[in-house]
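# Results of the structural survey
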Amino acid sequence: KIQGREKKFNFAPKNHLEIGENLTLLDYEKAIKISGSRFSIMKSELALLNRALINFMLDTNTDLFDYTEIKIPELVKSEALIGTGQLPKFGDDLFKTNFNDLWLIPTAEVPLTNLHREDIINKNDLPLRYTSFTNCFRSEAGASGKDTKGLMREHQFGKVELVTIASPDDSCEEFDRMIDCVETILNKLDLNFRLVELCSGDLGFSSSYTVDFEIWMPGQNKFREVSSCSNCKDFQSRRMKMRVKNFENGEIFYPHTLNGSSLAVGRIIVAILENYQQEDGSVVIPTNLRKYMKGLEIVKP
């Protein structure tokens, strides 16, 4: 399923790394000096674009789709990662601190879903829908040599996340709502994307059903993943002893949990740089982002 218009160019499109460096808005040399590989520094209009995307995504999630914005910690205990399924299986891909059993989060899914760990939720309060922007941290242990330079695969990256806790009878409907939310953002940005249903062999450890969003990146001449939406059914709620009670008949059951990226900010920046580039090296700002960009319409060399 492909949506949105594919951008046509009468010149050879550049990749985002070349565009950003030519605009002097990306600085990898200083990032390497400060932190090493798989880090970046964004400056001026690109830093503003980063902030604009965060606010645009959160506004869309809260205003149009009734998600509640939450500000959450970016350090969590082991039991939180066990609850959502990152531990013990994926410990090598996480960053652990040397203080009080705290880990840097790989995704806001972890603290958002754990908001109701060991809770008994009133059935009448479902569904619970949360959205949050956080920095996320991953070691990229299984990605040696892949995208070591650029915004596609970093140790630290920003992401707006969606999490829903729903009744088992409603989780498929809530999943469709989550998909619609991500589609709305990409359509508002006028980006060409496709949806990919994952086969069972490619599903994440916690997921029962997953759909990936991939955007066409003309500078790389291929589709690249920017979001993954999953229905974990009752796998996570059982691990974290999250239950729901119908106080009218006394029934207690495990809810279904869902999560999705809405979206990975750095990868959307990549998509905008590559899809909105001009032959002279400038980059047009998508119309729906301009009010978040102080009215800026184009970034010029």
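Whatever comes next refers back to the structure up there.
Basis of the calculations
Residues numbered from 1 in each chain as written. Predicted model: local features only at pLDDT ≥ 70, side-chain atom pairs only at ≥ 80, totals over all residues. Heavy atoms only, no water. Helix = DSSP H or I, 4+ residues; strand = E, 2+ residues; numbered from the N terminus. Rg over C-alpha atoms; globule rule 2.2 N^0.38 Å. Buried < 20%, exposed > 50% of the residue type's maximum accessible area, 1.4 Å probe, protein only. Contact = heavy atoms within 4.5 Å. Areas by Shrake-Rupley, 256 points an atom, 1.4 Å probe, with all protein chains shown as cover. Lys, Arg positive; Asp, Glu negative; His and termini not counted. Charge placed at Lys NZ, Arg CZ, Asp CG, Glu CD. Pairing = 2+ DSSP bridges. Phe/Tyr/Trp six-rings, centres within 6.5 Å; stacked < 30°, edge-to-face > 60°. Patch = residues over 30% accessible without salt bridge, like charges linked within 9 Å, V, L, I, M, F, W, Y side chains within 5 Å. Salt bridge = Lys/Arg side-chain N within 4 Å of Asp/Glu carboxyl O. Axes fitted to C-alpha atoms, helices over the stretch in contact; angles between N-to-C directions. Left-handed = near helix turned anticlockwise from the far one by under 90°. Nonpolar A, V, L, I, M, F, W, Y, C, P; charged D, E, K, R; others polar. 1 Å grid on protein atoms, 1.4 Å probe; cavity = no way out; pocket = protein on both sides within 12 Å on 5 of 7 lines; lining within 4 Å. Points joined across faces, edges and corners; volume = space filled by probe spheres on them. Expected span 1.5 Å × (residues − 1).

Helix and strand content of the protein: eight helices and 16 strands. Here the C-alpha atoms of the protein give a radius of gyration of 20 Å, agreeing with the 19 Å that 2.2 N^0.38 yields for 301 residues. Along the longest, intermediate and shortest principal axes, the C-alpha atoms of the protein span 65 × 40 × 40 Å. Counting over 301 residues, the protein shows a buried share of 52%. For the protein, contacts bridging at least 24 residues in sequence account for 70% of all contacts bridging at least 6. Counting every atom, the protein has about 14000 Å² of accessible surface; 45% of that belongs to carbon and sulfur. Positive and negative charge centroids in the protein, built from 38 and 43 side chains respectively, lie 3 Å apart.

This paragraph deals with the sheet that holds strand E4 (residues 95–96). Read across the open sheet, the three strands follow the order E3-E5-E4; overall the sheet is antiparallel. On the outer flanks of this sheet lie strand E3 (75–77) and E4, each paired with one strand and no other. One ladder, built from two bridges, connects E4 with strand E5 (residues 102–104); its direction is antiparallel. Of the residues in E5, the one forming a bridge with Lys96 is Trp103.

Here we come to the packing of aromatic side chains. Here the structure, examined in full by the defined rule, presents seven aromatic pairs. Ring centres of Phe193 and Phe213 lie 5.9 Å apart, and the angle between their planes is 40°; this geometry places the pair in the tilted category. Separated by 20 residues along the polypeptide, Phe193 in strand E9 (residues 193–197) and Phe213 in strand E10 (residues 209–217) bring together distant segments of the chain. Considered together, Phe193 and Phe213 belong to a single accessibility category, that of buried residues. Between Trp216 and Phe223, the ring centres sit 5.2 Å apart and the planes meet at 65°, which makes this aromatic pair edge-to-face.

There is a patch of like negative charges on the surface, built from Asp169, Asp170, Glu173, Asp176 and Asp180. Relative to the helices and strands, Asp169 is located in the loop between strand E8 (156–166) and helix H6 (171–188).

A word on the packing of helix H3 (residues 44–64) against helix H8 (residues 265–275). Put simply, H3 and H8 touch, their axes get as near as 10 Å, and they point 115° apart. You can see that H3 and H8 cross each other, and the crossing is right-handed. Residues Leu46, Leu49, Asn50, Leu53, Ile54 and Met57 of H3 touch H8, and the partners they reach there are Val265, Ile268, Ile269, Ile272 and Leu273. Partitioned by chemical class, the residues of the contact of H3 with H8 number 10 nonpolar, one polar and no charged.

Counting across every chain of the model gives one cavity of 30 Å³ or more. If you add up the space inside the largest cavity, you get close to 50 Å³. Around the largest cavity, the lining residues are Leu23, Leu25, Glu45, Leu46, Leu49, Leu273, Val283, Ile285, Met293 and Val299. At three residues, the largest contribution of residues to the lining of the largest cavity is made by H3.

Turning our eyes to something else, we now look at H6. Taking 1.5 Å per residue, 18 residues should reach 26 Å; H6 reaches 26 Å between its end C-alpha atoms and fits that length. Buried residues of H6: Ser171, Glu174, Phe175, Met178, Ile179, Cys181, Val182, Glu183, Thr184, Ile185 and Leu186, and no others. Following H6 by one or two positions, Asp190 adopts a phi angle in the positive range, close to 55°.

Once that is clear, we can look at the layout of surface pockets. Gaps left between atoms show up when a probe the size of a water molecule is rolled over them. Volume-wise, the largest pocket comes out at about 1400 Å³. In terms of lining, the largest pocket is formed by 49 residues, of which the most central are Asp93, Arg138, Gly204, Glu225 and Ser228. Ranked by residue count, the leading element in the lining of the largest pocket is strand E11 (residues 222–231), at seven residues. As a volume, the second largest pocket reaches approximately 250 Å³. Of the residues that constitute the lining of the second largest pocket, the class distribution is seven nonpolar, six polar and one charged.

What follows concerns the sheet that holds E9. Spatial ordering of the open sheet is given by E1-E9-E10-E11-E14-E8-E7-E2, a layout of eight strands whose pairing is mixed. Of all the strands in the sheet, the pair left with one neighbour each is strand E1 (2–3) and strand E2 (68–69). Looking at chain direction, E1 and E9 are connected through two bridges and run antiparallel. Counterpart to Ile2 in the pairing with E9 is Arg194. Contacts from H8 reach strand E7 (128–137), E8, E10, E11 and strand E14 (256–264), with the element oriented near 30° to E10.

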